Amino acid sequence: MSASEVQIEFYDKQISMSHGAGGEASRRLIEGLIQPLLANPLLDPLSDAAVFAGPTGRVAMTADSFVVQPLRFPGGSIGELAVNGTLNDLAVSGARPIALSAAFILEAGLPTEVLRHEVEAMAAAARSAGVSIVCGDTKVVEHGRADGMYISTTGLGQVDPRADLGPRRVQPGDQVLLSGPIGNHGMAIMLARAELEIEADIRSDTRSLVGLTAGLVECLGSDLRWMRDATRGGVATVLNELARDAGVTVTIAEEAVPVDDVVRGACELLGLDPLQVANEGQFVAVVAGEKADSALATLRSIPGGERACRLGMVTAGSRPCVLAKAAYGGVRVVDMLVGDPLPRIC
Amino acid sequence: MCLAIPAQISVLLDGEHAAMVDIMGVRRKVSTDLLIDDPPAPGEWVLVHVGFAMSKISAQQAEEQLAVLALLGEASSALEEVGGYERDGQAES
Amino acid sequence: MKYVDEFRDPEMIRKALHEIHALADCRRHYRIMEVCGGHTHAIFRFGLNELLPPNVELIHGPGCPVCVLPMGRIDDGLELAGDPNVIFTAFGDMMRVPGSKGSPLESKARGADVRIVYSPLDALKIALKNPDRRVVFFAIGFETTAPSTALTLLRARALGVKNFVVFSNHVTIIPAIRAILDSPDMRLEGFLGPGHVSTVIGCRPYEFIARDYRCPIAVSGFEPVDILQSLVMVLRQLRAGVAKVENQYGRVVPWEGNLAALRALAEVFEVRPHFEWRGLGFIAHSALRIRDSFAAWDAEKTMPIRGIAVADPKAAQCGEVLKGVLKPHQCKLFGNQCTPEHPIGALMVSPEGACAAHFKYAHLELPQQLPILQG
């Protein structure tokens, strides 16, 4: 049954403090709206905890919180981000997702229609990834707090036995791959905030990376050294974390960085570096040098991986850093961001 | 102070000194008040800074400059013939 | 991107570098100042410093309007933001600059209504949409940006807007250049002129540099090819023993400047007798204040501004770095107490400030041989 066919029996037009108080109103919200939209056998009993048989081998567990303004933006919304973001943390750990939890903090006065939209978005994202939201919680805070709604999640996954990932596995000679064009999510959000009065057809790239990462683990096994999704702070932050954690220098080719034209235009106008802009559907993978070609071929053969590319390579370095080299020989240091990217006029 | 971007005028806005410009698909309204003495037309390129068109971009000058640049790094005798980019004291069109 | 990519072409860059290497006389050491913060940013962004011959040294000048703003002016602005009726608007560049009690972003986190705008016209629009609030626009920038503020004030007056004021911190470039040239500890061979300021003021205002100080100056664009071509022009003049003003950025800079912009400036602003520049002290006739005829839109005339004076920490050597006398790493606080994450001076906060740029690049030893990257 698709989300739009689900009958909900919750008739309050907006969320109020009583919906978070644990009594009758809370029950109406959970049984009338949240559970029907997320329906699955582990959630449906609505007990204090979801109980199920555990996976064998290594387990991955991740926690995430989502605080985004505006709640809806071109290409997605907070609910979708919450599910995909959690799945992606599991994905880049070499894990197949097993179950998710979702806790809501709602602002009193939030229109029910908004909450419904987000829960539906979460249900759809979870369904597409073949995973269920098996437990959760709801609290309501006074009007003026929570920016509409905040969502916190945890994700549980089973780590593929072939995956052996970590900064200690990264070595000089390894190659750095990127799943696709960058900067879309952060720019979509920035423009959606409307203060800048700039219009562009830029959409968030929020998506689950599970298919791509699983494909890499299967193809490369232990020749896949390290993966990370490039969210807040962009690819620059992820590469700097790699350099610092592995104690290496990462050098990328300036011309290899994939950026959609319209994203580039928006970044140039606002004086931003696409490498520092957030993504919600891209990851960086470090692979053994001699396996880079087959890794790329694998990624490109999986739906969603068509624009995967080689970014650069890992070398030994006395001081961990990330460098970008241009075709004419110019070198610049690629920095981690201090805070969020801000438009500039100078 | 310094961040200014070349943008193409897509449409002039009626009743005000303003235009919509396009930068690789990014659209923004800019004021053309600073170009009131020589207003731009759709299709022309302007330099945009903080929501204002500061100057028209001269395609001809850009081409001439690129032609001069292409000769740099060659034998110095070829270079001595090229004085074209020294324009002190002359009004620009 | 048209008019951008052509001037970032790798082959063009290589040719220009080749020319510079051929022109630079190995018996001389060239100190060439690039005045504008945008040039500083571009030089680091495109890795041009390391590609120049070792005897061609680029000195970063004080053309960063954020860097030269005294902390007291930021404190004054943030006191206005503390009023719950006020919507405080400014460019993104200002948001992380620390006053003595924190930055605009920190004020925002404490509940002040602080908003980033891309254009002063957008701040005026916020005022029109919020008639019961007072909108303050914290205006910064050199002559490139001042005309935009002037036109916004003209529009505010034409519309009879009653809830919009500007706190003007506009400064002018020529007095700063003169202060640098007159500084006894400076020795400069040439200048790269600020290309975008020049779209407003034209090229004539720089003639005194060539005439009175015998320094060649090339008014320069901001793409790597522009900067390198400007260096070629300056080196050629030095080799020929001449000093004049050249317009490298002719595709955009009119020799006589933008008369409409200059008219707007004259109508709305007047020159302050003096203004304090952080690190450089008081410079005469170097800043713009709003004329009495626009008093209703002048924050300094309509709002309680105390005129807070905040001295920089004694150990901070922002002034000497701004003047190009010291290199950033020669300041005693550089890299210890003063870092991009805990900036003491604005040169470290603003990404185009000499110290922030230096912190990222020069204090890392770049490897001599970089790996060849394929496809």
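Refer to the structure presented above.
Here is a short report on the structure shown in this document. Along each chain, the written sequence defines residue order, and numbers are assigned to residues from 1. Chains carry letters and ligands carry numbers; both start at the beginning, A for chains and 1 for ligands, and go up in the order they are written. For a predicted model such as this one, the threshold for reporting local features is a pLDDT of at least 70, and the threshold for listing and counting side-chain atom pairs is 80 or more; totals across whole chains, interfaces and linings nevertheless cover every residue. Side-chain metrics rest on all non-hydrogen atoms present in the structure, leaving aside hydrogens and water.

### Concerning the interface of chain B and chain C
- By the convention used here, residues are in contact when the closest approach between their heavy atoms is within 4.5 Å. Opposite the 46 residues of chain B that make contact, chain C presents 58 residues.
- Two parts lose some accessible area (1.4 Å probe) when they are put together, and adding that loss for both gives the buried area. Counting each side, the surface lost to burial between chain B and chain C is near 4300 Å², with a carbon and sulfur contribution of 63%.
- For this document, the term salt bridge refers to a Lys or Arg side-chain nitrogen within 4 Å of an Asp or Glu carboxyl oxygen. Inspection of the region where chain B meets chain C yields two salt bridges.
- A salt bridge links B:Asp37 to C:Arg263, with the shortest nitrogen-to-oxygen separation between them at 2.9 Å.
- Secondary structure elements follow DSSP: runs of H or I no shorter than four residues count as helices, runs of E no shorter than two count as strands, and numbering proceeds from the N terminus. If you list the elements that add at least two residues to the side of chain B that touches chain C, you get strand 1 (5-13), strand 3 (26-31), strand 4 (45-49), strand 5 (52-56) and helix 1 (59-70) of chain B.
- At eight residues, helix 1 of chain B tops the list of elements feeding residues into the side of chain B that touches chain C.

### Focus on the nonpolar core
- In these notes, a set of buried Ala, Val, Leu, Ile, Met, Phe, Trp, Tyr and Cys residues joined through side-chain atoms within 4.5 Å is what counts as a nonpolar core. Relative accessibility under 20% of the residue-type maximum defines a buried residue, over 50% an exposed one, and the middle range a partly exposed one, all with a 1.4 Å probe and only protein chains included. C:Phe164, C:Phe191 and C:Tyr206 are the most contacted members of the largest nonpolar core, which has 155 residues in total.
- Here this core gets nine residues from one element, more than from any other, and that element is helix 10 (residues 224-240) of chain C.
- Excluding residues that lie within four positions of it along the chain, C:Phe164 makes contacts with C:Pro120, C:Ala123, C:Leu124, C:Ala127, C:Val135, C:Phe137, C:Thr152, C:Leu153, C:Ala156, C:Ala296 and C:Trp297.
- In this structure, A:Leu37, A:Phe66, A:Ile133 and A:Val210 belong to the second largest nonpolar core, which totals 40 residues.

### Brief notes about the side chain of A:Asn40
Residues and elements named next belong to chain A.
- Positionally, Asn40 belongs in the loop between helix 1 (24-38) and strand 1 (59-66).
- Take Asn40: its relative accessible area is 7%, and that puts it in the buried class.
- A polar contact is formed between the side chain of Asn40 and the backbone nitrogen of Leu43, at a distance of 3.0 Å.
- Counting of polar contacts relies on pairs of N or O atoms within 3.5 Å, with two restrictions inside protein: one atom must be capable of donating a hydrogen and the other of accepting it, and residues adjacent in sequence are counted only when both atoms are side-chain atoms. Polar contacts involving the side chain of Asn40 include one to the main-chain carbonyl oxygen of Ile133, which spans 2.9 Å.
- For Asn40, the residues in contact, after removing those within four places along its chain, are Ser132, Ile133 and Val134.

### Some words on the state of the cysteines
- Criterion for a disulfide: a pair of cysteine sulfur atoms within 2.5 Å. Scanning all chains against the criterion turns up two disulfides over all chains.
- Disulfide pairing is shown between B:Cys2 and C:Cys36; the S-S distance is 2.2 Å. Here C:Cys36 lies in strand 1 (residues 30-36) and B:Cys2 lies in the segment before strand 1, a pairing that spans two chains.
- A residue is classified by how much of its surface remains accessible, and B:Cys2, at 4% relative accessible area, is buried.
- The disulfide bridge from C:Cys64 ends at C:Cys67, spanning 2.3 Å between sulfur atoms. The sign of the 70 degrees torsion about the S-S bond sets the C:Cys64-C:Cys67 disulfide as right-handed. Note on accessibility: C:Cys64 and C:Cys67 belong to one class, buried.
- Here A:Cys267 is not cross-linked by a disulfide; its sulfur's nearest cysteine counterpart is in A:Cys309, at 16 Å.
- By relative accessible area, A:Cys267 is classed as buried at 2%.
- Free of any disulfide, C:Cys338 has its nearest cysteine sulfur in C:Cys355, 6.4 Å distant.

### Notes on the interface of chain A and chain B
- On the side of chain B, twelve residues touch chain A, which itself brings 18 residues to the contact.
- For the pairing of chain A and chain B, the buried interface totals around 1300 Å² over both sides, and the portion due to carbon and sulfur atoms is 64%.
- Seen at the junction of chain A and chain B, the total is two salt bridges.
- The closest approach of N and O atoms between A:Glu199 and B:Arg27, which form a salt bridge, is 3.5 Å.
- Counting the contacts that link chain A with chain B gives four residue pairs in polar contact (both at pLDDT 80 or more).
- Taken together, the elements giving at least two residues each to the side of chain A that touches chain B come down to strand 8 (198-199) and helix 7 (261-270) of chain A.
- The greatest single-element share of the side of chain A that touches chain B, amounting to eight residues, is contributed by helix 7 of chain A.
- Three residue categories are used. Nonpolar comprises Ala, Val, Leu, Ile, Met, Phe, Trp, Tyr, Cys and Pro, charged comprises Asp, Glu, Lys and Arg, and polar comprises the others, including Gly. Residue classes in the side of chain A that touches chain B are distributed as nine nonpolar, two polar and seven charged.
- Should DSSP find at least two bridges between two strands, the strands are taken to pair. Where strand 8 of chain A and strand 3 of chain B come together, two bridges link them in antiparallel fashion. Each residue of the ladder has a partner; that of A:Ile198, found in strand 3 of chain B, is B:Arg28.

### A closer look at the sheet that holds strand 5 (residues 132-141) of chain A
All names here are of chain A.
- In spatial order, the strands read 1-6-4-5; together these four strands make up an open sheet with mixed pairing. At either end of the open sheet lies a strand with only one pairing partner, and these are strand 1 and strand 5. Each strand of the sheet is rotated relative to its neighbour by a mean of 15 degrees, with strand direction disregarded. Each axis is a line fitted through C-alpha atoms, taken for helices only over the stretch in contact, and angles between the N-to-C directions span 0 to 180 degrees.

### Here we look at the sheet that holds strand 6 (residues 164-170) of chain C
All names here are of chain C.
- One open sheet holds the four strands; their spatial order is 4-3-5-6, and the pairing between them is parallel. Every interior strand has two partners, whereas the edge strands, strand 4 (114-116) and strand 6, have only one. Going from strand to strand, the sheet's axes swing by 25 degrees on average, the running direction of each strand aside.
- Here strand 3 (residues 86-90) pairs with strand 4 via three bridges, running parallel. Residue pairing across strands places Thr89 opposite Arg115, the latter belonging to strand 4.
- Against the sheet, helix 5 (residues 120-129) contacts strand 3, strand 4, strand 5 (134-141) and strand 6, and its axis sits at roughly 175 degrees relative to strand 5.
- Across the sheet, helix 6 (residues 146-159) lies against strand 5 and strand 6, angled at about 160 degrees from strand 6, the strand it touches most.

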